[in-house]
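Topology and contacts: notes
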Amino acid sequence: MKTILSRTPATDYRGEALVIGVFKSETATSPRLRKIDVLTDGLLTRAMSGKEFSGRKGQTLFLYDPQGMGIPLLLLIGLGSPDTIDSETGRILCGTAAHRLNSIGVTGVAIEIPEECSDPAGIRASVEGFMIGGGGIGAYKTEKKTGRRDPYRGSCSTLTLLCPGTITKAMRGGAATGSTVAEAMILTRRLVNTPGNLMTPVIMAGEARKACRAAGISCTVMNEKQLRERGFRGMLAVNQGSANPPRLVVMRYRPEGARAAARPPLALVGKGITFDSGGISIKPSKGMEKMKADMAGAAAVIGAMTAIGRLKPSRPVIGITPLCENMPSGSAIRPGDVITSYAGTTIEVVNTDAEGRLILADALAYAVEQKPEGIVDIATLTGACVTALGHVYAGLASNDSEWSETVVGTARMSGEKVWPMPMDTEYDKLVESEIADVRNTGKESPGMITAAKLLEKFVGDTPWVHLDIAGVEWQKETRPWSSPGPTAFGVRLFVDLALR
Ligand code: BES
Ligand code: MN
Ligand code: ZN
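First, a word on what this report is: a plain description of the structure on this page. Within every chain, residues take consecutive numbers counted from 1 along the sequence as written. As they are written, the chains are lettered A onward and the ligands numbered 1 onward, keeping that order. Only residues with pLDDT of at least 70 are given local features in this predicted model, and only at 80 or more are side-chain atom pairs given and counted; all residues enter the totals for whole chains, interfaces and linings. Remark: hydrogens and water are excluded; side-chain values derive from all non-hydrogen atoms of the structure.

A short note on the packing of aromatic side chains
Stacked, edge-to-face and tilted are the three classes for Phe, Tyr and Trp ring pairs, Trp counted by its six-membered ring, which pair at centre distances within 6.5 Å; planes under 30 degrees apart are stacked, over 60 edge-to-face, the rest tilted. For the coordinates displayed, the defined rule picks out 5 aromatic pairs. Ring geometry for Phe232 against Tyr342: centres 4.2 Å apart, planes inclined by 10°, an arrangement best described as stacked. Taken together, the residues span a long stretch of sequence, with Phe232 in the loop between helix H8 (224-230) and helix H9 (233-239) and Tyr342 in the loop between strand S12 (338-340) and strand S13 (346-348) at a distance of 110 residues. Here Phe232 matches Tyr342 in class, with each residue buried. A connected cluster of aromatic rings, assembled from ring pairs, spans Phe232, Tyr342 and Tyr366. Each helix is a run of DSSP H or I of at least 4 residues and each strand a run of E of at least 2, with the numbering of both proceeding from the N terminus. To sort residues, take the accessible area from a 1.4 Å probe on protein chains only and compare it with the maximum for the residue type: under 20% means buried, over 50% means exposed, and anything in between is partly exposed.

Written out as structure tokens, the structure is:
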């Protein structure tokens with residue numbers, strides 16, 4: 001998609017469609033809207049006098065053939081109260097525009113950006129919102145397949161942002177960053193949406209390799225034999241019931257310049273279960289189909305790494321994604337089995353459905369060996385996190401308050417919601433085992449903390465943050481800036497952590 005920043009006044013724009021944001025309580029005679037209202041002989045006054053459109057956040061109104069203007073379509077979008085305007089307003093405005101215009105197949109549009117969100121961050125959020133807002137998930141519908149359009153993208157190929165005032169280099173940079181981040185999110189959404197028969201560990205590793213090559217970063221893939229030789233026994237145990245072999249993907253971004261390259265890296269670790277049946281502790285069939293998305297953490301890390309390769313931050317970043325499939329079979333791990341993880345710690349596998357922490361135990365111990373400044377892992381790890389926080393916040397756990405605050409602060413900037421859970425030592429006993437060093441499930445609640453306590457055993461003193469995205473990686477409903485399906489949660493946060 002092409003993005004143009006332009007100083008053209010909205011009334012001079014000639015194209016397929018023009019989008020204007022309207023604040024609640026704003027009237028057609030406000031300085032911003034008056035010119036259009038006069039040109040169209042009071043069209044806005046009439047449109048805004050009814051009950052249908054009040055400027056409430058996310059509200060939309062199509063006005064066809066506005067007389068006096070050189071466009072066939074004017075779209076009004078509610079921005080809510082002018083008191084709460086920030087860069088997220090740009091995301092909502094442009095995301096809603098993409099969503100609505102996509103439904104009628106518009107290919108080129110201009111959106112007037114309010115002054116308050118025309119700073120670089122606002123422009124970036126606007127572009128991200130627009131590119132994500134139009135995406136769908138019906139990738140395997142045959143009528144869509146025969147069409148030329150990528151189902152994960154909207155119908156628009158040209159976006160013009162009409163900005164008040166001078167267009168600065170930083171604003172253009174914001175637009176470019178937004179486009180790069182949105183491309184990464186689109187990749188993540190496609191990986192997560194792809195069903196388990198078409199997204200096995202081998203296929204996903206191939207996708208990572210291809211994406212890394214395009215982004216100019218290194219990518220090494222360990223196959224089953226190499227995993228065995230190196231002792232990634234947690235991964236091998238989880239995968240041993242599956243006909244599809246596992247893979248471990250390690251992606252490395254190195255900044256230019258010896259000094260920058262010598263800095264300790266940021267390490268990102270993503271859970272990549274391409275399908276989670278639960279194994280011998282099999283899940284109920286109701287809702288099991290959703291477990292194709294149990295690799296959303298890995299998909300977010302892969303997406304983020306591609307954006308990081310293009311945005312070139314001044315610190316090294318390493319992305320680690322263990323990819324496995326959790327299946328029941330005669331060769332599957334059994335409840336009660338004891339395995340030895342990559343770190344040498346023995347784990348009693350009480351429940352084979354608590355598989356994510358087993359593969360993360362290996363991957364985290366491997367991440368520690370890279371001597372990072374900090375680790376962030378991201379995983380669709382527990383239903384308990386969904387019970388605690390629903391579909392709004394991701395759960396956060398950490399062994400280091402400073403690193404935790406850095407991640408929380410960065411998430412606030414990127415617009416992704418994370419909520420810290422307590423990790424006091426009183427919870428340590430949740431993972432105590434009688435037969436081995438630790439057990440993979442707790443004897444009681446709380447489930448999310450139990451999982452985090454197990455992971456904590458594998459990070460040593462390295463600053464570490466765990467993000468449980470079980471409740472937020474997928475959205476059922478349409479939101480102002482995004483359509484139903486994978487949310488690509490974590491991509492923006494990871495990019496911002498790398499750029500910080
Ligand atoms: N992948 C699931 C967690 C999950 C649940 C993700 C709902 C998305 C939505 C994970 O592997 C799992 O099965 N966790 C178990 C752990 C339990 C057996 C201790 C759970 O949460 O039920
Ligand atoms: Mn599971
Ligand atoms: Zn799982």
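Here's the deal with the sheet that holds strand S1 (residues 2-6)
Strands are treated as partners if at least two bridges between them are detected by DSSP. Across the sheet, which stays open at both edges, the 6 strands sit in the order S1-S6-S5-S2-S4-S3 with mixed pairing between neighbours. With partners counted over all chains shown, the strands left at the sheet margins are S1 and strand S3 (60-64), one partner each. Going from strand to strand, the sheet's axes swing by 20° on average, the running direction of each strand aside. Of the pairings in the sheet, the one linking S3 to strand S4 (residues 73-80) comprises 5 bridges and is antiparallel in character. Looking at S4, one finds that Leu61 is bridged to Leu76. By the convention used here, residues are in contact when the closest approach between their heavy atoms is within 4.5 Å. Each axis is a line fitted through C-alpha atoms, taken for helices only over the stretch in contact, and angles between the N-to-C directions span 0 to 180 degrees. With respect to the sheet, helix H1 (residues 31-39) is in contact with strand S2 (17-23), S4 and strand S5 (108-112), its orientation differing from that of S2 by roughly 135°.

Things to note about the layout of surface pockets
One number sums up the size of the largest pocket: a volume of about 1,100 Å³. Around the largest pocket, the lining is made up of 39 residues, and of these Lys283, Met291, Thr382, Gly383 and Ala470 lie nearest the centre. Of all the secondary-structure elements, those providing two or more residues to the lining of the largest pocket are helix H12 (356-369), helix H13 (383-389), helix H15 (447-456) and strand S19 (474-475). If one sorts the elements of the lining of the largest pocket by residue count, H13 sits on top with 3 residues. The way it works is a 1 Å grid over only the protein atoms, where trapped points that fit a 1.4 Å probe form a cavity and open points with protein on both sides within 12 Å along at least five of seven lines form a pocket, and then any residue with an atom within 4 Å of a point lines it. Grid points are joined across faces, edges and corners, and a volume is the space filled by probe spheres set on the points.

A closer look at the coordination of the zinc ion (ligand 3)
Coordination shells were defined by N, O and S atoms within 2.8 Å of each metal, extended to 3.2 Å for Na, K and Ca; water is absent from the atom set, which can make sites look incomplete. Protein coordination of the zinc ion (ligand 3) is provided by Lys271 (NZ), Asp276 (OD), Asp294 (OD) and Glu355 (OE), with donor distances spanning 2.0 to 2.4 Å. One can describe the site at the zinc ion (ligand 3) as octahedral: its 6 donor atoms subtend angles covering 77 to 175° at the metal. In the primary sequence, the donor residues of the zinc ion (ligand 3) line up as K-x4-D-x17-D-x60-E. Among the residues examined, Glu355 registers a relative accessible area of 0% and is labelled buried. Irregular is the default label, applied whenever a site is not tetrahedral (four donors, all angles between 85 and 135 degrees) and neither square planar nor octahedral (four or six donors, opposite donors over 155 degrees apart, all other angles between 65 and 115).

Details of the pattern of salt bridges
For side chains bearing opposite charge, pairing can occur when the charged atoms are close. The term salt bridge refers to a pairing of a side-chain nitrogen on Lys or Arg with a carboxyl oxygen on Asp or Glu at a separation within 4 Å. Applying the stated criterion to the full structure yields 21 salt bridges. Between Arg124 and Asp496 there is a salt bridge, with the nearest N and O atoms lying 2.8 Å from each other. Here the residue Arg124 occupies a position in helix H4 (residues 120-133), and Asp496 occupies one in helix H16 (residues 491-499), the gap between them amounting to 372 residues. You'll find Arg124 and Asp496 in the same group, each marked buried.

Describing the coordination of the manganese ion (ligand 2)
Within the first shell, the manganese ion (ligand 2) binds the protein through Asp276 (OD), Asp353 (O), Asp353 (OD) and Glu355 (OE), at distances of 2.1 to 2.2 Å. Between the 6 donor atoms coordinating the manganese ion (ligand 2), the angles at the centre fall across 70 to 168°, so the site counts as irregular. Between the donor residues of the manganese ion (ligand 2), the gaps in sequence give the motif D-x76-D-x1-E. Separating the manganese ion (ligand 2) from the zinc ion (ligand 3) is a distance of 3.1 Å, and Asp276 supplies a donor atom to each of them.

Description of the site of ligand 1
Whether a residue is near a molecule or strand depends on its heavy atoms: it is near if one of them lies within 4 Å of it. Around ligand 1 sit 15 residues in total, of which Lys283, Asp294, Asp353, Glu355 and Gly383 are the nearest. Here a polar contact is taken to be a pair of N or O atoms separated by no more than 3.5 Å, where protein atoms must pair a possible hydrogen donor with a possible acceptor and residues adjacent in sequence count only if both atoms sit in side chains. Between an oxygen atom of ligand 1 and a side-chain N or O atom of Lys283, the distance comes to 2.7 Å. Asp294 has a polar side-chain atom sitting 2.8 Å from a nitrogen atom of ligand 1. Residues are grouped as follows: nonpolar covers Ala, Val, Leu, Ile, Met, Phe, Trp, Tyr, Cys and Pro; charged covers Asp, Glu, Lys and Arg; every other residue, Gly included, is treated as polar. Classifying every residue of the shell around ligand 1 gives 3 nonpolar, 5 polar and 7 charged.

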